[in-house]
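Chain by chain, the residues:
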Amino acid sequence: MKRISAIFLSLLLMMSLMTACKSQTELQDGYYTAQVSEFSHGWKEYITILVKGGKIVSVEYNAENASGFIKSWDNAYMQSMLHINGTYPNEYTRYYAGQLLEEQSESGVDAITGASSSHKTFLLLARAVLEQAKKGDSSIAIVNIAH
């Protein structure tokens with residue numbers, strides 16, 4: 001009987017340890033945001049994710065100017081960037097966000113030609129927002145980007 005009790009207690013202890021480890025690496029449900037610390041070329045990039053059931057179910061990646069205008073809505077900028085770089089904010093922001101949603105990690109997000117600088121920023125923001133989600137910390141993570 002003592003042997004069965006010892007086995008049962010050992011199993012119970014192992015299960016509680018596994019649960020504790022799992023909760024530290026699993027994403028906590030909620031909204032999480034990471035943004036760069038400073039404006040660059042008039043824009044401040046950010047990522048907001050929604051986590052439900054431990055999985056990312058929504059991703060918004062974009063940038064805003066000082067008045068709150070969203071970069072991917074700027075048609076003049078879109079036309080200019082498309083002709084120079086072959087891509088534009090409404091395309092690459094959706095692509096990067098979609099990759100994060102699909103992969104559930106920043107490690108599988110490939111760069112788009114013409115948006116490599118935004119790709120680097122996206123990866124830093126994605127890492128920061130995922131860390132917030134793992135901790136269950138809904139405060140905005142501020143990320144310093146060296147330009």
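Up top is the structure.
Structural notes, computed from the coordinates. Small disclaimer: the values here were computed from a predicted structure and weren't measured. (Residues numbered from 1 in each chain as written. Predicted model: local features only at pLDDT ≥ 70, side-chain atom pairs only at ≥ 80, totals over all residues. Heavy atoms only, no water.)

### A short note on the overall build of the protein
Broken down by element type, the protein carries four helices and four strands. Overall, the protein shows an N-to-C arrangement of helices and strands of α-β-β-β-α-α-α-β. Sorting the 147 residues of the protein into buried and exposed places 38% on the buried side. Residue pairs in contact within the protein that sit at least 24 positions apart in sequence constitute 50% of those at least 6 positions apart. If you sum the accessible surface of the protein, you get close to 9,200 Å²; carbon and sulfur atoms cover 56% of it. (Helix = DSSP H or I, 4+ residues; strand = E, 2+ residues; numbered from the N terminus. Buried < 20%, exposed > 50% of the residue type's maximum accessible area, 1.4 Å probe, protein only. Contact = heavy atoms within 4.5 Å. Areas by Shrake-Rupley, 256 points an atom, 1.4 Å probe, with all protein chains shown as cover.)

### Overview of helix H3 (residues 89-103)
Here H3 contains 15 residues, and its C-alpha end-to-end distance of 21 Å stays within 8% of the 21 Å for a straight helix at 1.5 Å per residue. Among the residues of H3, Pro89, Tyr92, Thr93, Tyr96, Ala97, Gln99 and Leu100 are the ones counted as buried. Buried residues in H3, looked at end-on, bunch into an arc of 155 degrees, giving them a common side. In H3, those exposed residues whose orientation departs by more than 90 degrees from the buried face are Arg94 and Glu102. Positive phi shows up at Gln104, right after H3, with a value of about 60 degrees. (Expected span 1.5 Å × (residues − 1). Arc of directions from axis to C-beta.)

### Points about the packing of H3 against helix H4 (residues 116-135)
Packing of H3 against H4 leaves a shortest axis separation of 11 Å and a crossing angle of 40 degrees. Here H3 is positioned oblique relative to H4, judged by the angle of their axes. Considering only the axes of H3 and H4, their crossing is right-handed. For the pair formed by H3 and H4, the contact residues are Tyr92, Tyr96, Ala97 and Leu100 on the first element and Ser118, His119, Phe122, Ala126 and Leu130 on the second. Across the contact of H3 with H4, the residue classes tally to seven nonpolar, two polar and no charged. (Axes fitted to C-alpha atoms, helices over the stretch in contact; angles between N-to-C directions. Parallel < 35°, antiparallel > 145°, perpendicular 65-115°, else oblique. Left-handed = near helix turned anticlockwise from the far one by under 90°. Nonpolar A, V, L, I, M, F, W, Y, C, P; charged D, E, K, R; others polar.)

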